[in-house]
Amino acid sequence: MGDFFGELYLRSTLPYLSEEVTAREGEYLSRAFADVEGPVADLGCGHGRHAARLNTQGALAGRVVGLELDPLSLRLRRPGFPVVRGDLRALPFQDASLGGAYAWYSTLFAFSDAEHVQVLREVARALRPGGRLVFQTVPYERLAGSPGASFRERLPDGSLLEEESRFDATRGRDVGQRQLTLPDGRVLRAAYALRYYPLAELKRLLESTGFSVEWVHGGLDSGPMTPESTDLIVGAGRR
């Protein structure tokens, strides 16, 4: 997955991450951590679109620290927040040193099932008792209902983005390949596999790694999950 979460991922996703979307997501996160004290980690912060905004205004001002493994994302990151380079499976944070942590776009679930247990245990270790984890992913049921996807679009810089994926409901894995042909003819290509858990299974996973589910939302408006929901946003407290 290292080839995917690098230049290919940055070049192919940044055109779709508008400031309006980032602002709405930031407002949700500000509300989610308004009652949490202490540092809050942006797990897999990428170039820092959330962290840079949250660390300079609102309830989380001065409290956000980014974590990112990809060196290119770190070089291109936005100013305004501290960041450390590290792996989600071995967090470079001391025990009980964080008040909260968040991860967006299925960042926590890009590994094997055993590694997902390890990731969540690492987050639990770094959080104080009563601390909070918030993460966003896509509902399993939505992918199961539409398992195949293909995409082909010209990006603003002239690059051609092509992607095909297939969701295996039995294994809960969305497996795909993305290709980006740059204007100079260079081709970036990588495969990916993301794990999506049915909600009941996800709750059991969180319970087994030291968390208690506090809420499940179907979107940034904090409404409940419905069959039409495009998001699954979970807030979980560290026991």
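Reading guide: rules and limits
- Residues numbered from 1 in each chain as written.
- Predicted model: local features only at pLDDT ≥ 70, side-chain atom pairs only at ≥ 80, totals over all residues.
- Heavy atoms only, no water.
- 1 Å grid on protein atoms, 1.4 Å probe; cavity = no way out; pocket = protein on both sides within 12 Å on 5 of 7 lines; lining within 4 Å.
- Points joined across faces, edges and corners; volume = space filled by probe spheres on them.
- Domains from an automatic or database assignment.
- Contact = heavy atoms within 4.5 Å.
- Buried area = accessible area lost by both parts, 1.4 Å probe.
- Salt bridge = Lys/Arg side-chain N within 4 Å of Asp/Glu carboxyl O.
- Helix = DSSP H or I, 4+ residues; strand = E, 2+ residues; numbered from the N terminus.
- Pairing = 2+ DSSP bridges.
- Axes fitted to C-alpha atoms, helices over the stretch in contact; angles between N-to-C directions.
- Expected span 1.5 Å × (residues − 1).
- Buried < 20%, exposed > 50% of the residue type's maximum accessible area, 1.4 Å probe, protein only.
- Core = buried A, V, L, I, M, F, W, Y, C linked by side-chain atoms within 4.5 Å.
- Lys, Arg positive; Asp, Glu negative; His and termini not counted.

Per an unreviewed UniProt entry, the protein chain carries the name Class I SAM-dependent methyltransferase and comes from Corallococcus carmarthensis.

Just to check I follow, could you spell out empty space enclosed by the protein for this structure?
With a probe scaled to a water molecule rolled over the atoms, the places where space remains empty come into view. This model, assessed by the stated rule, comprises one cavity of 30 Å³ or more. By volume, the largest cavity amounts to about 40 Å³. The wall of the largest cavity is formed by Phe-109, Phe-135, Thr-137, Val-138, Arg-195, Tyr-196, Tyr-197, Leu-202 and Leu-232.

I would appreciate a short explanation of the domain arrangement of the protein chain in the present structure.
Buried accessible area, meaning the area lost when the parts come together, often serves as the stated size of an interface. If you check the domain split of the protein chain, you get domain 1 (7-138 + 198-238) and domain 2 (141-194). Using C-alpha coordinates to define each centre, domain 1 is positioned 23 Å away from domain 2. The partner domain 2 presents 19 residues to the 21 residues of domain 1 that form the contact. Summed over both sides, the interface of domain 1 with domain 2 buries roughly 1,400 Å², with 59% coming from carbon and sulfur. Together, Leu-8, Arg-11 and Tyr-16 form the three largest contributors to the area buried by domain 1 at its contact with domain 2, with a combined 39%. Linking domain 1 with domain 2 are two salt bridges. When residues in the side of domain 1 that touches domain 2 are grouped by element, the largest group, six residues, is from helix 1 (residues 7-13).

In this structure, what is going on with the sheet that holds strand 8 (residues 173-181)? I would like to understand it.
Backbone-to-backbone hydrogen bonds pair the strands of a sheet. The strands run either parallel or antiparallel. Strand order in the open sheet formed by four strands is 6-7-8-9, and the pairing between neighbours is antiparallel. Each edge of the open sheet carries a strand with a single partner, namely strand 6 (148-154) and strand 9 (187-195). Averaged over all pairs of adjacent strands, the angle between strand axes in this sheet comes to 10 degrees, irrespective of strand direction. Bridge analysis of strand 6 against strand 7 (residues 160-168) gives seven bridges, and the strand direction is antiparallel. Each bridged residue has a counterpart across the sheet, and for Arg-154 the counterpart in strand 7 is Leu-160.

Is there a simple way to explain helix 2 (residues 19-32) in this structure?
Since there are 3.6 residues in each turn of an α-helix, residues three or four apart along the chain are aligned in direction. Across its 14 residues, helix 2 extends 20 Å between first and last C-alpha, which sits within 8% of the 20 Å expected from 1.5 Å per residue. Buried residues of helix 2: Thr-22, Ala-23, Glu-25, Gly-26, Tyr-28, Leu-29, Ser-30 and Ala-32, and no others. Buried residues in helix 2 make contact with helix 3 (49-54), strand 4 (98-103), strand 5 (127-137), strand 10 (211-217) and strand 11 (232-238).

When you look at the nonpolar core in this model, what are you seeing that I'm missing?
The nonpolar side chains of a soluble globular protein tend to be buried, and buried together. Counting 30 residues, the largest nonpolar core has Leu-43, Leu-108, Leu-133, Phe-135, Leu-202 and Phe-211 as its most contacted members. Ranked by residues supplied to this core, first place goes to helix 5 (residues 113-126) with five residues. Of all hydrophobic cores here, the second largest spans 19 residues; its members include Val-36, Val-40, Cys-45 and Trp-104.

I'm lost on the side chain of Asp-42 in this one. Help?
By secondary structure assignment, the location of Asp-42 is in strand 1 (residues 40-43). Buried and without a salt bridge, Asp-42 has Arg-49 as its closest oppositely charged side chain, separated by 7.9 Å. Contacts of Asp-42, omitting those with residues within four sequence positions, involve His-50, Ala-51, Val-64, Val-65, Gly-66, Leu-67 and Tyr-102.

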